Amino acid sequence: MSQEAAEDADRRGGTGRSAVPLDEVDRRILDELTRDGRLSIRTLAERVHVSRTNAYARVERLLRDGVITGFSARVAPEAAGLGTSAYIALTIRQNTWREVSAELARVRYVEHVALLSGEHDVLALVRAPDNATLRDVVLDRVQRIAGVLATRSWLVFEEYDGVRSPWE
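What comes next concerns the included structure. In this text, all values refer to a predicted model and were calculated from it rather than measured experimentally.

Topic: the nonpolar core
Here is step 1: Ranked by size, the top nonpolar core spans 18 residues in total, and within it Leu90, Val100 and Leu104 carry the most contacts.
Here is step 2: For this core, the secondary structure elements donating two or more residues are β1 (84-92), α5 (97-104), β3 (122-128) and α6 (131-142).
Here is step 3: With near-sequence residues (within four places) excluded, leucine 104 lies in contact with Leu90, Val110, Val113, Val122, Val142 and Ile145.

Focus on unusual backbone geometry
Here is step 1: Although it is not a glycine, asparagine 95 sits at a positive phi angle of roughly 70°.
Here is step 2: If you trace the backbone, asparagine 95 turns up in the loop between β1 and α5.
Here is step 3: Phi is positive for tyrosine 109, close to 85°, though the residue is something other than glycine.
Here is step 4: Topologically, tyrosine 109 is positioned in the loop between α5 and β2 (110-115).
Here is step 5: The class of tyrosine 109 is partly exposed, set by a relative accessible area of 22%.

Thoughts on the sheet that holds strand β4 (residues 148-156)
Here is step 1: The strand order across the open sheet built from 4 strands is β2-β3-β1-β4, with neighbouring strands paired in antiparallel fashion. The sheet terminates laterally at β2 and β4, the two strands that pair on one side only. Averaged over all adjacent pairs, the angle separating strand axes in this sheet is 20°, with direction ignored.
Here is step 2: Note: β1 against β4, 8 bridges, orientation antiparallel. Bridge pairing in β4 links leucine 90 to threonine 151.
Here is step 3: Its contacts with the sheet place α5 against β1, β2, β3 and β4, and it is angled at close to 170° to β2.
Here is step 4: Together, β1, β3 and β4 form the strand contacts of α6, whose direction differs from that of β4 by roughly 165°.

Let's talk about the environment of leucine 22
Here is step 1: You can see leucine 22 is positioned in the loop between α1 (3-12) and α2 (24-35).
Here is step 2: Distance in space between the C-alpha atoms of leucine 22 and tryptophan 167 is 9.8 Å, their sequence separation being 145 residues.
Here is step 3: The contact partners of leucine 22, leaving out residues within four places of it in the chain, are Arg27, Leu30, Leu62, Val67 and Trp167.

The rules behind these values
- Within each chain, residue numbers correspond to sequence positions counted from 1 in written order.
- Under the rules for a predicted model, residues below a pLDDT of 70 receive no local features and side-chain atom pairs below 80 are neither given nor counted, while totals for whole chains, interfaces and linings still include all residues.
- Side-chain descriptors were evaluated using all non-hydrogen atoms of the structure, hydrogens and water having been removed beforehand.
- Residues belong to a common nonpolar core when they are buried Ala, Val, Leu, Ile, Met, Phe, Trp, Tyr or Cys residues joined through side-chain atoms within 4.5 Å.
- Exposed residues in this analysis have more than 50% of their type's maximum accessible area, buried residues have under 20%, and partly exposed residues fall in between, with area computed by a 1.4 Å probe over protein chains only.
- Elements are defined by DSSP. Helices are runs of H or I of four residues or more, strands are runs of E of two residues or more, and each kind is numbered from the N terminus.
- Any two residues whose heavy atoms approach within 4.5 Å are treated as being in contact.
- For two strands to be treated as a pair, DSSP must find at least two bridges joining them.
- Axis definition: a line fit to C-alpha positions, over the contact stretch in the case of helices; interaxial angles, taken between N-to-C directions, run 0 to 180 degrees.

This is the structure:
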């Protein structure tokens, strides 16, 4: 691979490294935005002790480089009517990850999907209104996806977000 191609891959994150190394100000910006993505550039600049122009340029760069992939609201599942949550581990036929993940993306109530190494191949977080709906999601939708060989479920009794940001 040429030096120029390697640098392009680095910028796109193709080598598993950040497109641009993050400095302390970038990390403080990420910390503030993960706490409240609705912050104005003015407030963000004040909190991280940089000018508004600098804060704006840095946020634009973090967006352009794919470090920040978007802004969203955090929703309390139970308050939104999704009182039953479970992690579903899937064992899939080798080389079916793309097809299985595409199908899982179409299943209502599947919130997150990850490809794993180890005993199970895929881990999905399902948030449903009740146990009957959860059962239907697992037995009628997930287990019928071509390539899924087996599932194992763990009901979530309680959960919390970590108290520390990785960007602090």
